[in-house]
Amino acid sequence: YWQSDAGLKIIKTYTFYKGRYDVDVSYQVENATAADWTGSVYGQINRTEPRENGSHFIYTYTGAVLSTPEQRYEKIDFGDIEDNKLSVNASNAWVAMLQHYFITALIPASKEEQYHYYTLNPNKNSYVIGAISPTVTVSAGANGSLSHRVYFGPKLQKELSEVAEGLDLTVDYGMFWFLA
C-alpha cells in the first residue's frame, strides 16, 4: 500500500486463482483528505524485440495486439510501434504482447468501461503497449476502487476464450490452421 501525509491511502491487491493464468488487480482508495481525489488505473506491457535465432520454417508472430469490437484482432508489430503511436479509445477491448507459446494481456474489469489504449517506443529496442482506465473521482472522506485484469501464461485456447472476447484468437496455428 501507499499512503500520503495528507491522508490518502491506496491499497493494491493481486488476486490469484488456482489453475488459472488471469489475475485481478484492484486498488482501494481511502480518501481521508479534505479534497477530492481523481485518478485512473493503467497497465503497460514492455518488451524488447526478439533476436533472429528462431526457426525459418515455422513463423510465429511476436509483437503487440489490439482487440476492439470493430476489429477483434489487430497485429501491431514492433516497426508499427516505432512509426505510429497508437491512441485508441474503446469499450470491450484489450491489448496484449505475444510470443511463440505465451501471452501477456491487459483486460478491463468491465466490458462497458471505455479505456484508452496506446503504444510507446521509449528507447531503441523497447516496445510498450498499454491501457488506461476512465478517470474516477473519490470524494473527500470517501472510499473508492479501481480494477483491471492481467493474463500472463501459455496460449491455451479454451482458457483464453473464457477470459476475454477474442483473446483465443492469439493462438496462431500458422500454415497448419486447417489441421487445427
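As shown above, the structure is provided for reference.
Since we're looking at a predicted model, the values are computed, not measured. (Residues numbered from 1 in each chain as written. Predicted model: local features only at pLDDT ≥ 70, side-chain atom pairs only at ≥ 80, totals over all residues. Heavy atoms only, no water.)

### Some points on the overall build of the protein
Here comes step 1: Along the protein, the regular secondary structure elements total two helices and 14 strands.
Here comes step 2: If one aligns the C-alpha atoms of the protein with their principal axes, the spans along those axes are about 65 × 35 × 30 Å.
Here comes step 3: Burial analysis of the protein (180 residues in total) assigns 39% to the buried set.
Here comes step 4: Taking all contacts inside the protein whose residues are at least 6 apart in sequence as the whole, residues at least 24 apart take part in 65%.
Here comes step 5: Carbon and sulfur atoms form 51% of the exposed surface of the protein, whose accessible area is close to 10,700 Å².
Here comes step 6: Separation of charge centres in the protein, based on 14 positive and 20 negative side chains, amounts to 6 Å. (Helix = DSSP H or I, 4+ residues; strand = E, 2+ residues; numbered from the N terminus. Buried < 20%, exposed > 50% of the residue type's maximum accessible area, 1.4 Å probe, protein only. Contact = heavy atoms within 4.5 Å. Areas by Shrake-Rupley, 256 points an atom, 1.4 Å probe, with all protein chains shown as cover. Lys, Arg positive; Asp, Glu negative; His and termini not counted. Charge placed at Lys NZ, Arg CZ, Asp CG, Glu CD.)

### Some words on the environment of Asp83
Here comes step 1: Along the chain, the position of Asp83 falls in helix 1 (residues 78–83).
Here comes step 2: Asp83 sits in the exposed class, given a relative accessible area of 61%.
Here comes step 3: Between the alpha carbons of Asp83 and Asn121 there is a distance of 9.0 Å; along the sequence they are 38 residues apart.

### Quick word on the side chain of Asp22
Here comes step 1: When you line up the elements, Asp22 lands in strand 3 (residues 22–31).
Here comes step 2: A polar contact is formed between the side chain of Asp22 and the side chain of Arg149, at a distance of 2.6 Å.
Here comes step 3: Each residue touching Asp22, except ones within four places of it in the same chain, is listed here: Thr15, Tyr17, Arg149, Val150, Tyr151 and Val163. (Polar contact = N/O pair within 3.5 Å; in protein donor to acceptor, adjacent residues only side chain to side chain.)

### Points about the pairing of strand 6 (residues 63–67)
Here comes step 1: Counting buried positions along strand 6 yields five of five residues, so the element is predominantly enclosed.
Here comes step 2: Where strand 6 and strand 9 (residues 94–98) come together, five bridges link them in antiparallel fashion. Directly across from Ala64, in strand 9, lies its bridge partner Met97.
Here comes step 3: Alignment of strand 6 against strand 7 (residues 74–76), held across three bridges, turns out to be antiparallel. Paired with Val65 across the bridge in strand 7 is Lys75.
Here comes step 4: Linking strand 6 back to strand 7 in an antiparallel pair, the connection comprises six residues. (Pairing = 2+ DSSP bridges.)

### Observations concerning the sheet that holds strand 5 (residues 42–47)
Here comes step 1: Read across the open sheet, the four strands follow the order 5-12-11-8; overall the sheet is antiparallel. Taken across any chain shown, the strands that pair with only one partner, and hence form the sheet edges, are strand 5 and strand 8 (87–90). Recorded for the sheet is a direction-independent mean angle of 20° between the axes of neighbouring strands.
Here comes step 2: Relative to strand 12 (residues 126–132), strand 11 (residues 115–123) runs antiparallel, the two sharing six bridges. Looking across to strand 12, one finds that Tyr117 is bridged to Ala131. (Axes fitted to C-alpha atoms, helices over the stretch in contact; angles between N-to-C directions.)

### Re the environment of Ala109
Here comes step 1: With respect to the helices and strands, the residue Ala109 is situated in the loop between strand 10 (102–108) and strand 11.
Here comes step 2: Looking at Ala109, the relative accessible area reads 43%, which means it is partly exposed.
Here comes step 3: Considering only alpha carbons, one finds Ala109 and Glu159, 50 residues apart in sequence, at a separation of 17 Å.
Here comes step 4: If near-sequence neighbours (up to four positions away) are discounted, Ala109 is found in contact with Tyr115, Ser147 and His148.

### Brief notes about the side chain of Ser133
Here comes step 1: Turning to its location among the elements, Ser133 is positioned in the loop between strand 12 and strand 13 (136–138).
Here comes step 2: Apart from residues lying up to four places away in sequence, Ser133 is in contact with Ser40, Val41, Tyr115 and Leu146.

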